[in-house]
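One-letter residues, chain by chain:
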Amino acid sequence: MKPIYMDHGSTTAVDPDVVRAMTPYFTEIFGNASSLHSYGEQATVGLNASRQIVASAIGAHPDEIIFTSGGTESDNLAIKGIAYRNQDRGRHIITSNIEHPAVLNTCAYLEKHGFEVTYVPVNDRGLLDVESVKEAVRDDTILITVMHANNEIGTIQPIEEICILARDKGIYVHTDAVQSIGKVPIDVNRIGVDLLSISSHKIYGPKGVGALYIRKGTNIEAISHGGSHERGIRAGTENISGIVGFARAMELAQARFDGDCEHLRSLRDRMIGNILKSIDHSYLNGDLEQRLVNNVNIRFSYVEGEAMLLLLNNKGIAVSTGSACSSKSLKPSHVLEALGLAPEEMHGSLRITLGRENTEAEADRVVEALIEIIGKLRAMSPLA
Amino acid sequence: MMYNEKVMDHFTNPRNVGDIEDADGVGEVGNPTCGDMMTIYIKVKDDILTNIKFKTFGCGAAIATSSMVTEMGIGKTLEEALKITRDDVADELGGLPPIKLHCSNLAADALHKAIEDHMRKKQ
Ligand SMILES: Cc1ncc(COP(=O)(O)O)c(C=O)c1O
């Protein structure tokens, strides 16, 4: 049977249209955008057009877009860049306890270098309470970094309200929108953020490319040094083919936004509904309302995630899990932990992240497979 | 794939799954908190393991090592079975990823515990 890929939160296949847009940039338009000859000029045309596309997709000005190597670098640049440049004003940063490691580990690094970080906890549905963010604010707070949507449980944070409370106090706000771009409408001015991270490979673009939006007037320092590319904020010869592919993926995401969202939401709700109805002792992780249209994250009592994942894989179905046994550290997911789940509940969690190409028939096949697999594992389980 | 063919075989077609109602010994190890929990049931006749069954909550390696240890134990004398080490179980499976070696510990421990339980009851 045809394999089913339902791990789009990890990465996506590159859209053929994106590949077509990129292809000439490997062999024909291969110039260095810094060169003065016509090869360089052609590359610059591609680079500028891409910057225009990415900027307009999020309501920004092209000068406010810095191309990077992806979400991780964008997060690093945003957080360290703001911290270093603004440390004379204060050394306190606020974030949440369910951020992606790209944010959490950057914050932990800064803690070792004289900064203080407050990790505001989410509630048991995986949502931040704006009041508790407000309470965490101090006189020396310089940055609030809160992810727009969570990569594991898909919860969408009240980032607009956080921006409002920060604005009065002159605190910069960064949001990691790697998971939300293409699935939640994003206009940087409507949201009110100062910095926003996006990545290409979650939206059917190539890996290793992304962008950081930096609002005009934001005081930020470069964290890598070299040539004067990207307004001196991000040195290094631009990955033109990747950037062109990223821009095309952004364009497609924008053009297909309404259709994608409707399709994904309907598949998501069908799967959640069918799983909870047909499998006893299964529970949704994360809020149902404030949730990405493509995220299904469910815990099944008495069974373990890696075992489920492998049996699904045998049936050609690709998903992911927050189970400790599947992680290299043997630690359960910090996101599931933040929901207040007991360890045995975390071990039995599966994340299904839907994509544009998934169909209703596939969704139903995955539910059928889950029923069978969980039945088999529960028959083996001393807990059931 | 992180597991070899033999591990996958024991994981997807585990041998001797279940419990034994009138077991002569029961061994329980692990706990749901750490993500692995095994119960091993044994039947003993004339100091020989005539039947072994298991129930396991855990990852692929935990299930495969449980299945393997039951196969290794059946037909052995109690004394021989007590000598099955954690490494023996992993070896018999053709090796496990280093991070999963603790699973083979659990399986051997559970079998030993079941035998000890039996010997205690006999006294
Ligand atoms: C929320 C979030 N932030 C950051 C990243 C990292 O992005 P990249 O893989 O482009 O470095 C990811 C993807 O893994 C993510 O889901």
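## A look at the interface of chain A and chain B
Interfaces are often described in size by the accessible area the parts lose on coming together.
Step number 1: Each side of the interface is counted separately: chain A has 24 residues, and chain B has 26 residues.
Step number 2: Buried area between chain A and chain B, summed over both chains or domains, comes out near 1,900 Å², and the portion from carbon and sulfur atoms is 71%.
Step number 3: Of all residues in chain A, Leu310(A), Met380(A) and Pro382(A) give up the largest surface area on contact with chain B, accounting jointly for 29% of the area buried on that side.
Step number 4: Counting the contacts that link chain A with chain B gives one salt bridge.
Step number 5: Between Glu306(A) and Lys100(B) there is a salt bridge, and its shortest N-O distance comes to 2.6 Å.
Step number 6: Taken together, the links from chain A to chain B amount to seven residue pairs in polar contact (both at pLDDT 80 or more).
Step number 7: Of all the elements, helix H11 (residues 305–314) of chain A adds the most residues to the side of chain A that touches chain B, at six residues.
Step number 8: Class assignment for the residues of the side of chain A that touches chain B results in 13 nonpolar, six polar and five charged.

## Quick look at helix H7 (residues 159–167) of chain A
Residue and element names in this part refer to chain A.
Step number 1: Here H7 has its buried residues at Ile 159, Ile 162, Cys 163, Leu 165 and Ala 166. Along the axis of H7, the buried positions cluster into a sector of 165 degrees, meaning they face one direction only. Away from its buried face, by an angle of more than 90 degrees, H7 presents the exposed residues Ile 164 and Arg 167.
Step number 2: Lining the buried residues of H7 we find helix H6 (130–136), strand E5 (141–145), strand E6 (172–176) and helix H8 (188–191).

## What about the domain arrangement of chain A?
Residues and elements named next belong to chain A.
Step number 1: Partitioning chain A into domains gives domain 1 (4–12 + 257–380) and domain 2 (17–255).
Step number 2: When each unit is reduced to the centre of its C-alpha atoms, the spacing between domain 1 and domain 2 is 28 Å.
Step number 3: For domain 1, the biggest contributors to the area lost against domain 2 are Thr 12, Phe 257 and Leu 292; these three give 27% of the whole.
Step number 4: Viewed at the interface, domain 2 and domain 1 are joined by one salt bridge.

## Observations concerning the sheet that holds strand E10 (residues 295–300) of chain A
All names here are of chain A.
Step number 1: Taking strand neighbours across the sheet as the criterion, the four strands line up as E9-E10-E13-E12 in an open arrangement whose pairing is antiparallel. Here the strands that pair on one side only, and so sit at the sheet edges, are strand E9 (282–284) and strand E12 (320–321).
Step number 2: Relative to strand E13 (residues 349–353), E12 runs antiparallel, the two being bridged by two bridges. When the bridges of E13 are listed, Ser 320 appears paired with Arg 351.

## As for H11(A)
All names here are of chain A.
Step number 1: Across the 10 residues of H11, seven count as buried, placing the element largely inside the fold.
Step number 2: Of all the positions in H11, only Gly 305, Glu 306, Ala 307, Met 308, Leu 310, Leu 311 and Leu 312 are classed as buried.
Step number 3: The N-cap residue of H11 is Glu 304: its side-chain oxygen and the backbone nitrogen of Glu 306 are 3.0 Å apart.
Step number 4: After H11 finishes, the residue Gly 316 shows a positive phi value of roughly 80 degrees.

Reading the values: the criteria
Residue numbers here run from 1 along each chain, matching the order of that chain's written sequence. Think of it this way: whatever chain is written first is A, whatever ligand is written first is 1, and the rest follow in order. The predicted nature of this model means local features are confined to residues of pLDDT at least 70 and side-chain atom pairs, given and counted, to a pLDDT of 80 or more, with totals for whole chains, interfaces and linings taken over all residues. Excluded from the side-chain calculation are hydrogens and water; included are all heavy atoms of the structure. Two residues qualify as a contact provided that any one of their heavy atoms is within 4.5 Å of a heavy atom in the partner residue. A simple way to read buried area is as the amount of 1.4 Å-probe accessible surface that goes missing from two parts once joined, with both sides added. Within this document, salt bridges are pairs made up of a side-chain nitrogen of Lys or Arg and a carboxyl oxygen of Asp or Glu, the two lying within 4 Å of each other. Definition of a polar contact: a pair of N or O atoms within 3.5 Å, with one able to donate and the other able to accept a hydrogen when the atoms are protein atoms, and with sequence-neighbouring residues admitted only if both atoms are side-chain atoms. The way it works is that DSSP assigns letters per residue, a run of H or I at least four long becomes a helix, a run of E at least two long becomes a strand, and they are numbered from the N terminus. Three categories are distinguished: nonpolar for Ala, Val, Leu, Ile, Met, Phe, Trp, Tyr, Cys and Pro, charged for Asp, Glu, Lys and Arg, and polar for the others, with Gly belonging to the last. Relative accessibility decides the category of a residue: with a 1.4 Å probe and only protein chains considered, values under 20% of the type maximum give buried, values over 50% give exposed, and everything between is partly exposed. Taken from the helix axis, the directions to the C-beta atoms give the arc we talk about. Here the limits of each domain have been adopted from an automatic or database domain assignment. A strand pair is defined by DSSP finding two or more bridges across the two strands.

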